[in-house]
Amino acid sequence: MGPPPIVTGVSPKEGPPGTRVTVRGEFLGKTPQDLCGLTICGCDCLLSAEWKSPNKIIARSGPGKGKGEIVVTTRSGGRGTSTVEFRGYHEMIGPMKESAVWVEEAPLRKMWWGRRGLTPTTYQHDDPLGISIEGVEQKFPEEGLHKLFPGGSGDLSSENFAAGWFLLERHHATPFDDLRAGLAFLRRKVDGQKEGQLSFIKSNVGSVMEQLDTLAQLKERFEEDVEKQGQDPTVKLEEAIKESMLEANKLFEDVLSRRERADATRSALAVLQRFRFLFGLPGAIEKNIKKGDYDAVINDYARVINLFGNTDVLVFKKVLAEVELRIAQLRKLLHHRLEEAPTTLEAQKKLIRNLVHLEEGGDPAWDAITCHSRHLTTTMIHCRDTNLAQEQAALEEGGKTPKSSKQKSTSSSNQSSDWQTSVPARVLLTEELADAISERFPDFWKLGQAYFTGELQVTVVPGRQQDFKKLVLAAISLFSGLLRAALMPHTLVKTSAAERASYGVWHSKGMEGLGPWLPHCLRALRHAYSSLIRLDLPSEALDIVASLIFDLRVHCMSTLLKQAGESIRNLHTQESWNIQFDGEHGGITHLPAECERVVAEALQLAKDSVLLAEQRETLLLDSDVVQRDLNTLIQNMLLGFVEVLDKLALGSDAMAGESPGVSQMIGSPAIYQVRGTDSALDKGRGKDKESGPAWEQRLLSVLSNIEYTRSILLPRIADLFARYQLPAQTGPLAAVRKSLAELDQRVLDAYLEQRSDPLVGTIEPSMYIGNFNWHTALKPVDVRPYVKELLTNLISVHAEVHSISPCLVWRVLPQLVETVAEELARLMVCLDKKFNVHGTQQACADIAAIREAVTVYSTPTAEAFFEEALEAIPRLSDAQGKRNVEDVLNNFRSRMRLQLMCFRDPKTPSTKSV
């Protein structure tokens, strides 16, 4: 195939039908034979097309009107496209105007000047004004005419004729003087039309001559008919009519004679009919048996027995023996069909009635019932064996789930159906057993009811009702046992080993992945149960299925909540440590929301499929045992989230992710710059998606999640219990809160230990940096560097905690302040007042600066330690020493003003001292 034709140019771009059009473009055909189609404005112009080259074709336009595309079709390139359009329009054709198309003769019309023309050639002119427009090639746009004269027309014969349209269409380029001359011409022409008959004849001489020619032709045709037919052509017609009447009478006489012969034959056949029925009965029986028309066979058999049952004629006896042989074969056929796979209930009833009418020995109705029961049992056993074998084969192949026969046929047409390749064999077994009970058991039950009510016209043998009840209970028990063995093998613990073996032994590995399908199995089982309820079965049979459904509901609820617990316990693998902030709860990760989603989905699914009791079902929560199990499951599910937080904070994986230099970074002055800016914190949290943030930041994130879980998530979960009409889970929620409180304290202790040890460890080395000695100290000018380093480290901890959860600052900083105060007291007590005057002033200024900076987060315990440190220092007795200490503190407040603002209480405005 070559490229498709493309029309890029046309000349001219408009014209009436028959216009010679030159089409230019690309790939317009390799040869004249390659060109197979050309349409201009939707009209086929192939007959007039003349192929010149692959880039040029010449053709005549068709009768299309309006704008349209020029489409070229070739055998090598197919149907092409067009980038240009051709506009076709129709001109008013006068007697002197050449036309490429046939002009249909129109009925006589009234001319616009009041006269009636006789022929089409007399009411149309080239131009009523007598002005030639051959030199004017440019046409007035038709779209503009439609806008200026809506609903108008330039046709002189139209009822909507608009003079403005006519003048713009034909004479938009005509000078005004020519138009005035044309008007004078038109007036003279109208005046001439008003002259006498002679002028009328002169103006219509052509029409008169045509009429005379037509009359002459009519006269010639009439004379030819007279020569052929004679002066009176009706004579031959009359003779033909008479001849037809004679032939019709002959035909009627034939029919009458045939009717008489038919009546005679019918009378003879009526006499022989009684015996011919007997002789033809064996063949009729065979034909009706092949067609399946057993009612006709039974009727014929009953009729022949009534007519010839007591005959002594030897021939009749032979025929009757042949009939009995055919009837015996029919009885055998019907009985065989009755024992085959059961068909519809009505078909079975019909077979039983046929056997009864044929006087079949035995009890065909009971045979049908036992066959139906046997087939139902065989079907369920076959479903178990098939799906059990498929599961075993799948387990041997490595865990692939088998497909059912329906799925195999479906997957061949749609290989992308994922659900078809993931249905466990036990689910397929549940569907097939439910379908078998829903479709086959109702016919089995109704057949038994018809048997005992006498509908089947057979005599019921005593004791059959108990036998039928046993068959019903056996089928329902088998149905329940097969499903219990496949879905809930733990419910068969109390049964005997032989009975469990009869239901089938499934591998324990097949239970994996079955949990999400249990609601689907429950729906299938409920559908089958509803069909059994409509049958008005004995309560014993319904109780078996009701117990199965109750146990499956309990198992489904347990499995759903256990799966939800497993999903929650695996949430630690989804932790991305992306902190989400709000103004009320600080920063948390997405884990609490994921936990809430899992719990809500599990409760919603449990409510929809398990908790709501349907027809003839017991409320699940009415059982104390079920309520206890539910409380335990919910408690374990929620405790799983506590385990997740514990694993993320204190697990081996969390502690292994700590960077090696975290503890040492606390003691460096640069830590304030790294942790004091948002960009550095953001970079620290998102520095490595694989390793995540530092362990200290993880501890803070977990503390924030714990607080959010206690204050927000657990009340929301309690609301979920109320929304889904579950009993209030006071015990489980209290246990979870207790576990959260214990975990919260352990995580907080771990964080404080991680931060306080390096923080306190840097005080003593920094205090004596540069061989500083308290009893040889010089006059103090500023606080010692260890004070600034200590405050800077506290600020770094404050920034770290505040960047994740501001509410944790009040839990972390006070305890760190207590640790710092205790260490200062210990160091000062160990000096045993070995201070000179300047050393005393320096120590008082240092402790006062630290105490004043952290006063917002100071506790009574910290204040006691500060007092103990001051008591270990000699008291300042002179006023000059006190002034020196105050000068040092003022200098400290001035230089450290920005740093001291970090310890300001956010609830109160800054003061001059801070």
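Coordinates for the structure precede this section.
Residues numbered from 1 in each chain as written. Predicted model: local features only at pLDDT ≥ 70, side-chain atom pairs only at ≥ 80, totals over all residues. Heavy atoms only, no water.

J.: I'd like a description of the pattern of salt bridges, backed by residues and values.
T.: Within the structure shown, the criterion is met by 28 salt bridges. One salt bridge connects Glu 223 with Lys 219, and the closest N-O pair in it is separated by 2.4 Å. One end of the pair is Glu 223 and the other is Lys 219, both in helix H5 (residues 205-229) and four residues apart, which spans about a single turn. Judged by relative accessible area, Glu 223 falls into the partly exposed class, the value being 38%. We classify Lys 219 as exposed; its relative accessible area is 52%. (Salt bridge = Lys/Arg side-chain N within 4 Å of Asp/Glu carboxyl O. Helix = DSSP H or I, 4+ residues; strand = E, 2+ residues; numbered from the N terminus. Buried < 20%, exposed > 50% of the residue type's maximum accessible area, 1.4 Å probe, protein only.)

J.: Give me the sheet that holds strand E6 (residues 50-53): which residues, what numbers.
T.: Taken in spatial order, the five strands of this open sheet run E6-E7-E3-E1-E10, and their pairing is mixed. Looking at the sheet topology across the chains shown, the edges are occupied by E6 and strand E10 (81-82). When strand E3 (residues 20-26) meets strand E7 (residues 56-60), the two strands line up antiparallel, connected through five bridges. Its bridge partner being in E7, Thr 22 is matched across the sheet by Ile 58. (Pairing = 2+ DSSP bridges.)

J.: An account of the nonpolar core is needed here, citing residue identities and associated values.
T.: One finds Phe 441, Leu 791 and Met 828 to be the most contacted residues of the largest nonpolar core, which totals 186 residues. Looking at this core element by element, the count peaks at 14 residues for helix H16 (residues 539-569). Counting 17 residues, the second largest nonpolar core, distinct from the first, contains Val 10, Leu 28, Leu 35 and Ala 59. (Core = buried A, V, L, I, M, F, W, Y, C linked by side-chain atoms within 4.5 Å.)

J.: Help me get a handle on the packing of helix H23 (residues 695-723) against helix H26 (residues 785-804), residues and values and all.
T.: Contact pair H23 / H26: the axes reach a minimum separation of 9 Å and the direction vectors enclose 45 degrees. Judged on the interaxial angle alone, H26 and H23 are oblique. By crossing handedness, the relation of H23 to H26 is classed as right-handed. Across from Glu 696, Gln 697, Leu 700 and Ser 701 in H23, the residues of H26 making contact are Glu 800, Val 801 and Ile 804. Class assignment for the residues of the contact of H23 with H26 results in three nonpolar, two polar and two charged. (Axes fitted to C-alpha atoms, helices over the stretch in contact; angles between N-to-C directions. Parallel < 35°, antiparallel > 145°, perpendicular 65-115°, else oblique. Left-handed = near helix turned anticlockwise from the far one by under 90°. Contact = heavy atoms within 4.5 Å. Nonpolar A, V, L, I, M, F, W, Y, C, P; charged D, E, K, R; others polar.)

J.: Help me get a handle on a negative patch on the surface, residues and values and all.
T.: On the surface, Glu 220, Glu 224, Asp 225 and Glu 227 cluster together into a negatively charged patch. Mapped onto the secondary structure, Glu 220 falls in helix H5. (Patch = residues over 30% accessible without salt bridge, like charges linked within 9 Å, V, L, I, M, F, W, Y side chains within 5 Å. Areas by Shrake-Rupley, 256 points an atom, 1.4 Å probe, with all protein chains shown as cover. Lys, Arg positive; Asp, Glu negative; His and termini not counted. Charge placed at Lys NZ, Arg CZ, Asp CG, Glu CD.)

J.: Describe in detail the environment of Arg 597, supporting the description with residues and values.
T.: The residue Arg 597 is located in helix H17 (residues 591-611) in this model. Assessed through its relative accessible area of 38%, Arg 597 is described here as partly exposed.

J.: I'd like a description of the pairing of E7, backed by residues and values.
T.: Pairing analysis gives three bridges linking E6 to E7, with the strands arranged antiparallel. The residue bridging Ser 53 from the neighbouring strand is Lys 56, located in E7.

J.: Got a sec to walk through the packing of aromatic side chains? Specific residues and values, please.
T.: Each aromatic ring pair is described using two quantities: the centre-to-centre distance and the angle formed by the ring planes. Throughout the structure, instances matching the rule amount to eight aromatic pairs. A centroid spacing of 6.1 Å and a plane angle of 55 degrees characterise the contact between Phe 161 and Phe 166, whose relative ring orientation is tilted. Judged by its relative accessible area of 31%, Phe 161 falls in the partly exposed class. A residue is classified by how much of its surface remains accessible, and Phe 166, at 6% relative accessible area, is buried. Each member of the aromatic cluster is reached from another via a ring pair, and the members are Phe 441, Phe 444, Trp 445, Phe 452 and Phe 468. One Lys or Arg, Arg 784, reaches over the ring of Phe 772 and ends 3.9 Å from the middle of that ring. (Phe/Tyr/Trp six-rings, centres within 6.5 Å; stacked < 30°, edge-to-face > 60°. Lys NZ or Arg CZ within 6 Å of the ring centre and 35° of its normal.)

J.: Tell me about the packing of H16 against helix H18 (residues 624-650), and please be specific about residues and values.
T.: Running from N to C, H16 and H18 cross one another at 10 degrees; their axes reach a closest spacing of 7 Å. When the interaxial angle is binned, H16 and H18 end up roughly parallel. When H16 is examined against H18, the residues Phe 550, Val 554, Met 557, Ser 558, Leu 561, Lys 562, Ala 564, Gly 565, Ile 568 and Arg 569 are found in contact with a partner set consisting of Val 626, Leu 630, Leu 633, Ile 634, Asn 636, Met 637, Gly 640, Phe 641, Glu 643 and Val 644. Here the residues of the contact of H16 with H18 are counted per class, giving 13 nonpolar, four polar and three charged.

J.: Any chance you could break down unusual backbone geometry for me, citing the residues and the numbers?
T.: With an omega of -5 degrees, the peptide bond running from Ser 11 to Pro 12 counts as cis. As for its position among the elements, Pro 12 is in the loop between strand E1 (6-11) and strand E2 (14-15). One non-glycine residue, Phe 27, lies in positive phi territory at about 60 degrees. Structurally, Phe 27 can be placed in the loop between E3 and strand E4 (35-40). The backbone phi angle of Cys 41 is positive, close to 60 degrees, even though this residue is not glycine. Using a relative accessible area of 17% as the deciding quantity, one classes Cys 41 as buried.

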